[in-house]
Structure formats: C-alpha cells, structure tokens
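# Fold and contact review
Now for the letters of each chain:
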Amino acid sequence: MRAAVRALQASDSGRAYGLPETITLGNVAVDAEVSGPLNNLRGLVNWQAPQGDYPARGEIALSGQQIDFRNTVVQVAGGLVQGEGTLVNGLWNARLNAEGIQLGEFVDRLQGSTGQAAAALSGSLDDLSLRGIRGDGTLSAQVAGGTVSGTATLANGNWLTDLQTAGILLSAFNPQLQGRASGDVQLSGSLSDLSLAGIRGSGNIALSQGLASFAGFSPQLERVNSPLTAAIAWDGRQVQVQQATSAGFSANGVLVPRLEGPGAPTLANLDLNLILRDYDLAALPGPPDGLMLAGRADFTGRVRGSLSNLALNGDAALTNLALNDLTFEERLSGPVTFAAGDRLAVDLTGDHDRLQVSYGFGTNNIAFDVRTAAQTAQGETLDAIATGTTEGNILQARLQNFPLAALNFPADGIAGYGQVRGVVDQADIAVDISDLSRPEFMGDLALSNPGGGYLGVDSFRGRITYANGTATLVGGNIEQTNSQGQISRYLLTGRYPQGPDPEIAGELEVVQGNLQDVLETAQIFRL
C-alpha cells in the first residue's frame, strides 16, 4: 500500500502527549509504502514538518513488531538535533545529538553562546509522561567567553546534572559585575518545576577578581581583587556560603539573590560572618591628597543588608597605624560599626593611644578623640591630642601638641620651602558644617616653631576666620629669636580673599625687632 498525506495537524495530536501550547509543530507531510497484515506491517514512512517552530523531518521503518526511527533531524535555535530510536514490544529508546544550538534564543543574556549535547533516552508506551522517561547524556557550551560542560541523568521525572564551568564573564549576566567565574556544581530538580525555586544545588566556585567582582555595586570593594574560592549550596531561595576564602579573607553565611526587576540578576540581601587578616590600609580608597595612610588591619565581624545599604559590625585591630608622620603605637584594637546612610563608629585603643570616631550620615553628628605620642622636628615627644564634637551644625574641635608635618600640607609643597612645619600647642576651632561646599570656620591658634624650609619663627598666636571665600587674621602675635639671641616681636592682621586675582592685605607692626628680622618674617607669611 502506498499513501501520501500533505496536511496532517500535528500540533493537536502533540497536545495530547504534553506538547506545550507555546510550541507549534505545523502541518506534517507523510509519504508511506507499507505492506503486510496490521499486526506485522513492513515498510518505510518518510515525514516532514517544515513549517513548525522547529522544522523537522525523518524516516520510520516498520519491521513487524519493531519500529525504527531513522535520520530524524530537527532545526532548533540555529542548530540541529539529530536522532534515531527503536520501539519494540511497547518499549522505546532514542539517541539524540544536538550541535550548534544558539543559547541566546532561549536566554537573551546568552547571545553569541552555542551549545552541544548528546543523550540516550528510554521509556514505555504505558507511560508517555515526562516521569516515564529515563536517560543520561553529556553537554558542553561556549558561554559568555568561557565554557560549560557536564553530564546529566533523568529518572522518574527527576533530573541531576554535574557541571564544570571555566572562564565565564560575569558581565554577560549583569554589566555591573566584573571578572570571570569558574567552578564545579551539581544541580538537581524535577521536570514538573524547572524554575530556580524548584532547583537544588551545591558545589565550588572561583571568582578571578574576588570581592572586586561586585565593585560596581560597592566601589570600596575595587581593591579587594585577590581570587576567591567558595563552597556553596542553593536551596531554591538563597545561596548558603559554607566557606569562602581569599588572600587574608574568609566568610560564611547567606546570599539572597533578586532574579527579577531592574538590574536583575543581582543580590537582594546578604548576611555574612567575616574574618579579614593583614589588610593593607594604604589600599583603602578616599584619603585626601597629601594624607598617606599606612598600617595593617585585622577584622572579625558580620556584614548584612543589600549591596547599596550594608551594615557592618565587629572588632578590628590595627598594626603600625600611621597618618603621614603621625604614628600610633604598634597595636590598636576595639569595636567598629558601620551602617550605610546611618552612622560610622570606631573606637580603637592601645596602652596609651586612642582612635575614636563617630559620624552620623546625613545628620552632621560628629565626635572624635585621637591621642598618640608625636615627635617634633627637634626630636621631642609630645602627647598629641585631637578632640571634637558637634553642637548643631557647628563642629567644635581642639588640637593640642599636634605636629603640622602630619598634615603634609600643602600636598605638593611650596616651591623652595616644602611643607609647612611646626607644632600646634593648642587650637580651638569652630567649623560650620551645614554646607561643606561653602565652609566657614573660626579658630584661635597657638603654634610653636612654625615655618617652611629654612624660614621659621619661634611662636605664633592669633585668631583666623574664614567666611565667604575670605581668610582673615586678627590679633596675630609673632616672636622670633635672631642669630644674636635677640627676641623680636610683631603684631599682624590681614585679609586674603580667594579668587582669580587674590591679593593679600595686611598690617605688620614691629613691637620689638630690626629691619632684617622684619624682612624674614614677611617672607614667612608669604607661605
């Protein structure tokens, strides 16, 4: 018997066997040459479905109780799936091979990625549901600049896969991520729920740039770029970080992803226990020009919250802390608390020194107490103290025995003179911090041995104010001892308005002194 069918509606038939509504098979054309009784048919059937979502063709060979499916080819996502199979006594098996599958057809972020797979499947006509299929296979893909390979098994509607990944570009999944990921992961789940919530997994991953992978969300992570490895598990809702380690860093805890909405995928929340060892303070971002921070830090604590709203608390220990020439004793330790948008609190102490800072973000609530032993240019050791607190929008600060060299001011020095030197015997300063773009302050200063380069005086006293872009000195009192041991004394007032063509205006009154001393003093205050 010869037969030809040109418009068989395959989609409707497929629905009865679980074909999703989103897939259309289109019309199927069949050419058949079959002979023999119905219980022992023999012959060949050629079929084609060229107009469906996945154009396909193949052959069916009938040999009595055995049916062979041969030369089956399906076009899928720019690639081909080829298969063959056998049906005997109600039992079937199939062998499939896929090549050149464009993964971007299924996941937009994987544009340009291709995959290959091979699988062997089997089952019974008595159970044509997905639970009735058994199988195993291998897969490989070129994804986001890296590779993915693995094996998979399927039984009783449940699946299991072991994956190995190498060199995956994280930016392919979110442009704010950086670096590459590699790892070995085991995933499992049910065919009845292929969502991420229905998947379970565990494994080991490695990030080539460590925590700096997330610097797009938290810029302070940019320099924490040593490679990181982690043992993790996924329970359908969150990632359990069993152990993550990097150079001088370890952590464990929970990461909760956000898989939908703007910026997804990203982290919605995290809760990690942290241990940081021997961190180089010079790598911290943000010190103003001219301020050089040195030392090493250890930290044990906890960080939690979203990437844009982190909270951290724990205990820190600093070793050999130094700010320019201002050095602290060998070890300071104590609690550290930070909450983005709320406050920062640090209280580190040693046997003698202290570094205590409290700052409320958005409230201008500031308090600090810094104490250490400082060396003067003459080799004298002083107890340097800097304290301050806010009253409303006014920061009241006091410096005592504070070496100006610690400020490294100005950063590039003054031509021919270098940085300003001397010691602040005492300074009481009031700073209006309500608008830091237009700072205003007033301070009473008492300095010993101020100067720069080869120029200097014995002492300076006076009140300096700064407002509306103009610095004003009143009550300046200068004393200087010349090479003959004679003491000269001067009174000084002046104004220095900032602008494109600033001019210094002032008066210098010689109470006691000579012309040569006056000229040297005038040079000093040109600094």
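Bear in mind the structure is a predicted one, so any value in this text is a computation, not a measurement. (Residues numbered from 1 in each chain as written. Predicted model: local features only at pLDDT ≥ 70, side-chain atom pairs only at ≥ 80, totals over all residues. Heavy atoms only, no water.)

When helices and strands are tallied, the protein shows 2 helices and 33 strands. Per-residue burial for the protein yields a buried fraction of 37% across its 527 residues. Pairs at least 24 residues apart make up 34% of the contacts formed inside the protein by residues separated by at least 6 positions. For the protein, the accessible area works out to roughly 29,000 Å², and carbon and sulfur atoms hold 55% of it. (Helix = DSSP H or I, 4+ residues; strand = E, 2+ residues; numbered from the N terminus. Buried < 20%, exposed > 50% of the residue type's maximum accessible area, 1.4 Å probe, protein only. Contact = heavy atoms within 4.5 Å. Areas by Shrake-Rupley, 256 points an atom, 1.4 Å probe, with all protein chains shown as cover.)

Tallied over the full model, the rule gives 11 salt bridges. Its salt-bridge partner being Asp428, residue Arg398 comes within 2.5 Å of it at the nearest N-O pair. Remark: Asp428 occurs in strand E27 (residues 420–432) and Arg398 occurs in strand E26 (residues 394–403); sequence separation between them is 30 residues. Here Asp428 falls in the partly exposed class, since its relative accessible area comes to 26%. Here Arg463 ties to Asp444 by a salt bridge, and the two come within 2.7 Å at their closest N and O atoms. Note that Arg463 is positioned in strand E30 (residues 459–467) and Asp444 in strand E28 (residues 440–452), a separation of 19 residues in sequence. Overall, Asp444 belongs to the partly exposed group, its relative accessible area being 33%. Among the charged side chains, a salt-bridge network with shared partners connects Asp347, Arg354, Asp369 and Arg371. (Salt bridge = Lys/Arg side-chain N within 4 Å of Asp/Glu carboxyl O.)

Quick look at the side chain of Ser358 now. Here Ser358 lies in strand E23 (residues 354–360). Sequence-distant contacts of Ser358, defined by excluding residues within four places in its chain, comprise Arg343, Leu344, Ala345, Asn365, Ile366 and Ala367.

What follows covers unusual backbone geometry. At Asn71, a residue that is not glycine, the phi angle is positive and equals roughly 50°. Within the secondary structure, Asn71 is located in strand E5 (residues 66–76). At Asn468, a position not held by glycine, the phi torsion is positive, near 55°. If you trace the backbone, Asn468 turns up in the loop between E30 and strand E31 (470–481).

Within a regular beta strand, the side chains point alternately toward one face of the sheet and then the other, so they alternate between its two faces. The pairing of strand E17 (residues 266–280) with strand E18 (residues 293–306) spans 9 bridges and is classified as antiparallel. From the neighbouring strand, Leu276 faces E18, where its bridge partner is Phe299. For E18 and strand E19 (residues 309–323), the ladder comprises 13 bridges, and the chain directions are antiparallel. Following the sheet pairing, Leu293 is matched in E19 by Leu323. From the end of E18 to the start of E19, which pair antiparallel, there are 2 residues. (Pairing = 2+ DSSP bridges.)

Leu321 and Leu348 are the most contacted members of the largest nonpolar core, which has 34 residues in total. Among all residues touching Leu348, those that are not within four sequence positions of it are Ala316, Leu318, Leu332, Ser333, Gly334, Pro335, Val336, Asp353, Arg354 and Leu355. Listed in part, the 29 residues of the second largest apolar core include Trp92, Leu177, Val239 and Leu310. (Core = buried A, V, L, I, M, F, W, Y, C linked by side-chain atoms within 4.5 Å.)

The subject of this paragraph is the environment of Ile385. Note that Ile385 resides in strand E25 (residues 381–391). Residue class for Ile385 comes out buried when judged on its relative accessible area of 16%. Between the C-alpha atoms of Ile385 and Val370, which are 15 residues apart in sequence, the distance is 5.7 Å. Discounting chain neighbours no more than four positions away, the residues touching Ile385 are Val370, Arg371, Arg398, Leu399 and Gln400.

Moving on, we get to the packing of aromatic side chains. Pairs of aromatic rings are described using the distance from one ring centre to the other and the angle between the two planes. Tallying each qualifying case throughout the model produces 1 aromatic pair. Where Phe441 meets Tyr466, the ring centres are 5.9 Å apart and the plane angle is 15°; that geometry is what we call stacked. Of this pair, Phe441 sits in strand E28 while Tyr466 is found in strand E30, placing the two residues 25 residues apart along the sequence. The class for Phe441 is partly exposed, based on a relative accessible area of 34%. Residue classification places Tyr466 among the buried residues on the basis of a relative accessible area of 15%. (Phe/Tyr/Trp six-rings, centres within 6.5 Å; stacked < 30°, edge-to-face > 60°.)

Assignment of secondary structure puts Leu312 in strand E19. Those residues in contact with Leu312 that sit more than four places away from it in its chain are Phe299, Arg302, Val303, Val336, Thr337 and Phe338.

Moving on to the pairing of strand E21 (residues 331–339). Sheet analysis places E19 next to E21, joined by 9 bridges and oriented antiparallel. Along E21, the bridge assignment pairs Thr319 with Arg331. Alignment of E21 against strand E22 (residues 343–349), held across 5 bridges, turns out to be antiparallel. By the bridge assignment for E22, Phe338 is matched with Leu344. Linkage of E21 to E22, two consecutive antiparallel strands, is achieved through a turn of 3 residues, within which Gly341 is found at a positive phi near 80°.

Take a nonpolar patch on the surface next. There is a patch of nonpolar side chains on the surface, built from Tyr54, Phe106 and Val107 and spanning about 270 Å² of accessible area. Relative to the helices and strands, Val107 is located in the loop between strand E7 (91–102) and strand E8 (114–124). A residue is classified by how much of its surface remains accessible, and Val107, at 39% relative accessible area, is partly exposed. (Patch = residues over 30% accessible without salt bridge, like charges linked within 9 Å, V, L, I, M, F, W, Y side chains within 5 Å.)

Tracing the backbone shows Gln209 in the loop between strand E13 (200–207) and strand E14 (228–234). Its relative accessible area of 29% is what places Gln209 among the partly exposed residues. Sequence-wise, Gln209 and Ala181 are 28 residues apart; in three dimensions their C-alpha atoms are separated by 8.9 Å. Leave out the neighbours within four places in its chain, and Gln209 touches Gln178, Gly179, Val224, Asn225 and Ser226.

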